[in-house]
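Here are the chains, one letter per residue:
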Amino acid sequence: MTGSVSVNQHMRNQPLNVGIINPPDKYYKPVLYSPVQAERELGAINHDVYVSIQNSESITKKKTPKSVFAVLGLGALAFTFPFIKKLIKK
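Residues numbered from 1 in each chain as written. Predicted model: local features only at pLDDT ≥ 70, side-chain atom pairs only at ≥ 80, totals over all residues. Heavy atoms only, no water.

What about the overall build of the protein?
Counting its regular elements, the protein contains three helices and zero strands. Moving toward the C terminus, one meets the helices and strands of the protein in the order α-α-α. Burial statistics for the protein: of 90 residues in total, 0% are counted as buried. Counting only carbon and sulfur atoms, one obtains 65% of the accessible surface of the protein, whose full area is about 9700 Å². (Helix = DSSP H or I, 4+ residues; strand = E, 2+ residues; numbered from the N terminus. Buried < 20%, exposed > 50% of the residue type's maximum accessible area, 1.4 Å probe, protein only. Areas by Shrake-Rupley, 256 points an atom, 1.4 Å probe, with all protein chains shown as cover.)

Some points on the confidence of the model for the protein
The pLDDT averaged across the protein works out to 80; a share of 76% of its residues lies at or above 70. Model confidence for the protein, summarised as mean pLDDT per element, is weakest for helix α1 (residues 9-12) at 63 and strongest for helix α3 (residues 66-89) at 89. (pLDDT = per-residue confidence, 0-100.)

Comments concerning α3
The end-to-end C-alpha distance of α3, which contains 24 residues, comes to 34 Å, matching closely the 34 Å that a straight helix rising 1.5 Å per residue would cover. Maximum bend of α3: about 40°, positioned at T80, with proline P82 one to four residues after it. The buried fraction of α3 amounts to zero of the 24 residues, a small share that puts the element mostly on the outside. (Expected span 1.5 Å × (residues − 1). Bend = angle between axes of the 7 residues up to and from the residue.)

Written as structure tokens, this is what we have:
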């Protein structure tokens, strides 16, 4: 009994590509920036990000309704009313 494993022969032995050079469809051409232009563009990107964060936070922040403050004020007044009444009587 042999311990052979079936292997795809086409995957194992790929044909050689000798003498044929296929040119790429397009090539990467690097773009050189001056440090001043790079700093200017980075500053513009940072400004855009800062403004968008500020706008998104202003939408998510919810203001407390004035009725909540009114109810808390009336509750505090009702709580302190007996103490104020005792101070006035003395």
